Amino acid sequence: MRIHIITIGQRPPAWVEAGFTDYVRRMPPSCAINLVEIALAKRSKNADVKRLRKQEGARMLAAIPPASLVIALEVGGREWTSEALAVKLSDWMQDGRDVCLLIGGPDGLDPGCLQRADRLWSLSSLTLPHALVRVFLAEQIYRAWSISQGHPYHRS
């Protein structure tokens, strides 16, 4: 099983790449994390944001491997504790399908992405910078894996 983080936006700051890469390297091959960056559609002063978001959404949907479980990160989704995520991660690993986590751009996810999603997950009711979400998400996946393995990383 692979976890594909499909995100709008490219070239985050170096500290984001360093933090993300640190957690990705900690993951075992049986639960590898793959980052797919979709270019942000060019916005101008009078841009048609709905149209641009739809273009970004189409590229996100095209990046989803067949038969994957798709989870859209959405403020209106359900929040999970670290322990609940650990149970979900174990279930995903037993299921064997790839898992795709969709991170929208500055204008959110296209409704088509939300319709394609099998689940909606809210990391927080706070608005988080999209680049930071990558690091936060990778850390939470690593934490969930460490909980399921009885690793001492997570101390509750």
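Residues numbered from 1 in each chain as written. Predicted model: local features only at pLDDT ≥ 70, side-chain atom pairs only at ≥ 80, totals over all residues. Heavy atoms only, no water.

Tell me about the environment of Ile103, and please be specific about residues and values.
Along the chain, the position of Ile103 falls in strand β4 (residues 99-103). Looking at Ile103, the relative accessible area reads 3%, which means it is buried. Through-space distance from the C-alpha of Ile103 to that of Cys113 is 10.0 Å; in sequence the pair is ten residues apart. Not counting residues up to four positions away in its chain, the partners in contact with Ile103 are Ile5, Ile6, Thr7, Ile8, Met60, Leu73, Leu109, His130, Val133 and Leu137. (Helix = DSSP H or I, 4+ residues; strand = E, 2+ residues; numbered from the N terminus. Buried < 20%, exposed > 50% of the residue type's maximum accessible area, 1.4 Å probe, protein only. Contact = heavy atoms within 4.5 Å.)

Residues and numbers for the state of the cysteines, please.
As enumerated under the stated definition, the model contains zero disulfides in all. Cysteine Cys100 is unpaired, with the sulfur of Cys113 as its nearest cysteine sulfur at 11 Å. (Disulfide = S-S within 2.5 Å.)

Which residues make up the packing of aromatic side chains, and what values go with them?
All chains considered together, the criterion is met by four aromatic pairs. An angle of 20° between the planes, with centres 4.5 Å apart, marks the rings of Trp80 and Trp121 as stacked. With a gap of 41 residues between them, Trp80 in the loop between β3 (69-78) and α3 (82-95) and Trp121 in strand β5 (residues 119-121) connect regions that are remote in the sequence. Accessibility classification places Trp80 together with Trp121 in one group, the buried group. Sitting over the face of the ring of Tyr142, Arg26 holds its NZ or CZ atom 5.2 Å from the ring centroid. Positioned above the aromatic ring of Trp80 is the side chain of Lys88, whose terminal nitrogen or guanidinium carbon lies 4.7 Å from the ring centre. (Phe/Tyr/Trp six-rings, centres within 6.5 Å; stacked < 30°, edge-to-face > 60°. Lys NZ or Arg CZ within 6 Å of the ring centre and 35° of its normal.)

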